[in-house]
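For reference, the chains in residue letters:
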Protein chains: 4
Amino acid sequence: MAPSSLSRNAAALRDRIQDLFDRSGLMQHLGATLGDVSSGRVHVHLPFSPALTQHLGLFHAGATSAIADTAGGFAAMTQAPDGHTVLSVEFKINLLAPAQGESLEAIGQVIRKGRTLTIVQVDVFALNAGQKTPVALMQQTVMNLPDRQP
Amino acid sequence: MAPSSLSRNAAALRDRIQDLFDRSGLMQHLGATLGDVSSGRVHVHLPFSPALTQHLGLFHAGATSAIADTAGGFAAMTQAPDGHTVLSVEFKINLLAPAQGESLEAIGQVIRKGRTLTIVQVDVFALNAGQKTPVALMQQTVMNLPDRQP
Amino acid sequence: MAPSSLSRNAAALRDRIQDLFDRSGLMQHLGATLGDVSSGRVHVHLPFSPALTQHLGLFHAGATSAIADTAGGFAAMTQAPDGHTVLSVEFKINLLAPAQGESLEAIGQVIRKGRTLTIVQVDVFALNAGQKTPVALMQQTVMNLPDRQP
Amino acid sequence: MAPSSLSRNAAALRDRIQDLFDRSGLMQHLGATLGDVSSGRVHVHLPFSPALTQHLGLFHAGATSAIADTAGGFAAMTQAPDGHTVLSVEFKINLLAPAQGESLEAIGQVIRKGRTLTIVQVDVFALNAGQKTPVALMQQTVMNLPDRQP
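All values derive from a computational prediction rather than experimental measurement.

### Points about the sheet that holds strand S1 (residues 33-38) of chain C
Piece 1. Judged by pairing direction, the sheet is antiparallel, and its 12 strands sit side by side in the order S1(C)-S2(C)-S4(C)-S5(C)-S6(C)-S3(C)-S3(D)-S6(D)-S5(D)-S4(D)-S2(D)-S1(D) without closing on themselves. The strands lining the two open edges of the sheet, one partner per strand, are S1 of chain C together with strand S1 (33-38) of chain D. Each strand axis lies, on average, 25 degrees off the axis of its neighbour in the sheet, ignoring direction.
Piece 2. Looking at chain direction, strand S2 (residues 41-47) of chain D and strand S4 (residues 103-113) of chain D are connected through 7 bridges and run antiparallel. Along S4(D), the bridge assignment pairs Leu46(D) with Leu104(D).
Piece 3. Contacts from helix H3 (residues 61-77) of chain D reach strand S3 (84-95) of chain C together with S2, strand S3 (84-95), S4, strand S5 (117-128) and strand S6 (131-146) of chain D, with the element oriented near 140 degrees to S3(D).

### Considering the relation of the copies chain A and chain D
Piece 1. Note on the copies: chain A fits chain D at an RMSD of 0.0 Å, the axial shift is 0.0 Å, and the rotation between them is 180 degrees. The transformation relating the two chain copies, once decomposed into turn and shift, fits a two-fold axis.

### Observations concerning the side chain of Thr141(C)
Piece 1. Among the secondary structure elements, Thr141(C) is positioned in strand S6 (residues 131-146).
Piece 2. Relative accessible area serves as the criterion here: at 0%, Thr141(C) is assigned to the buried category.
Piece 3. Within the local environment of Thr141(C), its side chain forms a polar contact with the side chain of Asn94(B), the two groups lying 3.1 Å apart.
Piece 4. Among all residues touching Thr141(C), those that are not within four sequence positions of it are Val89(A), Glu90(A), Asn94(B), Leu87(C), Ser88(C), Val89(C), Glu90(C), Leu117(C), Thr118(C) and Ile119(C).

### Observations concerning the packing of aromatic side chains
Piece 1. Counted according to the given criterion, the structure contains 10 aromatic pairs over all chains.
Piece 2. Considering the side-chain rings of Phe48(D) and Phe59(D), the 5.3 Å spacing of their centres and the 90 degrees angle between planes classify their relative orientation as edge-to-face. Of this pair, Phe48(D) sits in the loop between S2 and H3 while Phe59(D) sits in the loop between S2 and H3, placing them 11 residues apart in sequence.
Piece 3. The residue whose ring lies beneath Lys132(A) is Phe125(A), and the NZ or CZ to ring-centre distance is 5.0 Å.

### So, the relation of the copies chain A and chain B
Piece 1. When chain A is fitted to chain B, the best match, at an RMSD of 0.0 Å, comes from turning it 180 degrees and sliding it 0.0 Å along the axis.
Piece 2. Here 100% of the contact residues of chain A are again contact residues in chain B; the copies associate through an equivalent surface.

### Section: the packing of helix H3 (residues 61-77) of chain C against H3(D)
Piece 1. Between H3(C) and H3(D), whose axes approach to 8 Å, the crossing angle comes to 155 degrees. With respect to each other, H3(C) and H3(D) are oriented roughly antiparallel. Taken as a pair, H3(C) and H3(D) cross one another with a handedness that is right-handed. Facing Ala61(C), Gly62(C), Ser65(C), Ala66(C) and Asp69(C) of H3(C), the residues of H3(D) in contact are Ala61(D), Gly62(D), Ser65(D), Ala66(D) and Asp69(D).
Piece 2. Tallied by class, the residues present in the contact of H3(C) with H3(D) amount to 4 nonpolar, 4 polar and 2 charged.

### So, unusual backbone geometry
All names here are of chain A.
Piece 1. A positive phi angle, close to 50 degrees, is found at Ala129, a residue other than glycine.
Piece 2. Considering the arrangement of structural elements, one finds Ala129 in the loop between strand S5 (117-128) and strand S6 (131-146).
Piece 3. On the accessibility criterion, Ala129 (67% relative accessible area) is exposed.

### So, helix H3 (residues 61-77) of chain A
Piece 1. In this model H3(A) runs 24 Å from its N-terminal to its C-terminal C-alpha over 17 residues, within 8% of the 24 Å that 1.5 Å per residue would give.
Piece 2. Of all 17 residues making up H3(A), 17 are buried, and the element is well covered by its neighbours.

### Comments concerning the confidence of the model for chain A
Piece 1. Confidence in the prediction of chain A, expressed as mean pLDDT, is 94, and 95% of residues score 70 or more.
Piece 2. With pTM at 0.94, the complex prediction returns an ipTM value of 0.93.

### Brief notes about the sheet that holds S5(A)
Piece 1. Taken together, the 12 strands give an open sheet; going across it, the order is S1(A)-S2(A)-S4(A)-S5(A)-S6(A)-S3(A)-S3(B)-S6(B)-S5(B)-S4(B)-S2(B)-S1(B), and neighbouring strands pair in antiparallel fashion. Each having just a single partner strand, strand S1 (33-38) of chain A together with strand S1 (33-38) of chain B make up the two edges of the open sheet. Strand-to-strand, the axes of this sheet are offset by a mean angle of 25 degrees, without reference to chain direction.
Piece 2. Packed onto the sheet, helix H3 (residues 61-77) of chain B meets strand S3 (84-95) of chain A together with strand S2 (41-47), strand S3 (84-95), strand S4 (103-113), strand S5 (117-128) and strand S6 (131-146) of chain B and runs at close to 140 degrees relative to S3(B).

What counts and how
Residues numbered from 1 in each chain as written. Chains lettered and ligands numbered in written order. Predicted model: local features only at pLDDT ≥ 70, side-chain atom pairs only at ≥ 80, totals over all residues. Heavy atoms only, no water. Pairing = 2+ DSSP bridges. Helix = DSSP H or I, 4+ residues; strand = E, 2+ residues; numbered from the N terminus. Axes fitted to C-alpha atoms, helices over the stretch in contact; angles between N-to-C directions. Contact = heavy atoms within 4.5 Å. Least-squares fit on C-alpha atoms with pLDDT ≥ 70 in both. Buried < 20%, exposed > 50% of the residue type's maximum accessible area, 1.4 Å probe, protein only. Polar contact = N/O pair within 3.5 Å; in protein donor to acceptor, adjacent residues only side chain to side chain. Phe/Tyr/Trp six-rings, centres within 6.5 Å; stacked < 30°, edge-to-face > 60°. Lys NZ or Arg CZ within 6 Å of the ring centre and 35° of its normal. Parallel < 35°, antiparallel > 145°, perpendicular 65-115°, else oblique. Left-handed = near helix turned anticlockwise from the far one by under 90°. Nonpolar A, V, L, I, M, F, W, Y, C, P; charged D, E, K, R; others polar. Expected span 1.5 Å × (residues − 1). pLDDT = per-residue confidence, 0-100.

Printed below as a string of structure tokens:
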């Protein structure tokens, strides 16, 4: 494939995920933004705000989980068959360290693509003064669903 | 213990959890409210809003997880030793059915209280037209932390 | 349905699960036995043996997981569509207390039956001197698979 | 540190883990063997046997989990403080593909070492005709315990 086709495809993929991201009310409400998108891999960023905290002032595990679930689900979406959307079936997240800093970055990466189920791993980092610290690790199962279900 | 002491204790417990809940920026930002509180058991409610959705218009798994993690963490908090707070170590959530309806209710229940770790189970229901449907099930590990860490 | 049909069906269900259980090499090798079987619910027993221990002499988490995964998978199997078998997709287990005693009992219970995926919860108890102590709690996702896959 | 000290330490670490492995009755009973050991990383091998199967003749998820839990727990053990042993608190495993082949290999790798809890990731591969296929992925939480508990 010529480089120009490759970059057209890459741009189309990004547009498709950006469109889904923009329709996610929660992502807008939390102030999250879509980062890099490539086949099987999606980044989501979340700047700190007091509106995202738990009782100790750290990022709430719910906020961390929300961007991790989104990065993972959309990573699966980049490899879903045509005419399909995706739905999270389940996930498990370990909160490795207190989530504090200027922002969080979640990176979803497809581990195993099946016909029905896709297994994704998501790393979440806290960014602070130029330093990147791992704060969470997620394993997620995502299901492919036909766009129009009976 | 006289009934009056019991209800004084129950009120004190509720006040303590309500105070922590009010300091959780994310809970206010999502529009969640604290429901019933008793020893080992906490309810959290979340009315539907377009600000809580994923790309298909359902409650985002991140919103579901946020109230489940809160209900579970505070259920553990009701049984934490004096002078301790709690922090989620990890959780796993199965999304049982599309989360749609007028509101969600998360009910956290302590399963096993240890010295350091508390294991909690959280059921999440969708409420719609008077019907209650299970939409998520969580297993969570919560850690007791001394209030002032070195 | 007449009581006699009900009990014929119950016996047929038990036979079907017993047959699958007998074909599970690992269950025989560990010394596990099938207990009660009903629609959506399966019990598995595991008598203690030094062959089942970890380095401290407790039941190994792998032994606990093996009978929990079996009880859960076969609980899902009792409700699988005709012409289908089941396969574990994933599970998460919390080890609630040191697993020691005369035997373990795992009880798998279907929580949510879907077309493709069944969500199961499994409780594991240790039995000792007539006492039953919860030692593990599992959430499991099981997939229905057509008997003959292409 | 001089190379000779380094290799003495490496040998001591391996001896320590091998000793714990040999005391794990289940590992002997399944026919598992200890592979490479280094700080934060432990390999466990499991040759196929009909005694390790589920009802379809694949490696039983309980066998896969048993060696994954062992590799992960002992990976945590390599970094546990002096005078401590380890206990699995919980784990979550995704079964990525049918586990079949000549043997399985589980590789546990410490992701985050805390004072009380260590988070470990375990990859499990099937080996067949010189090919290595990922069959499972585990996230595990392991607790440090003083050798002699009160």
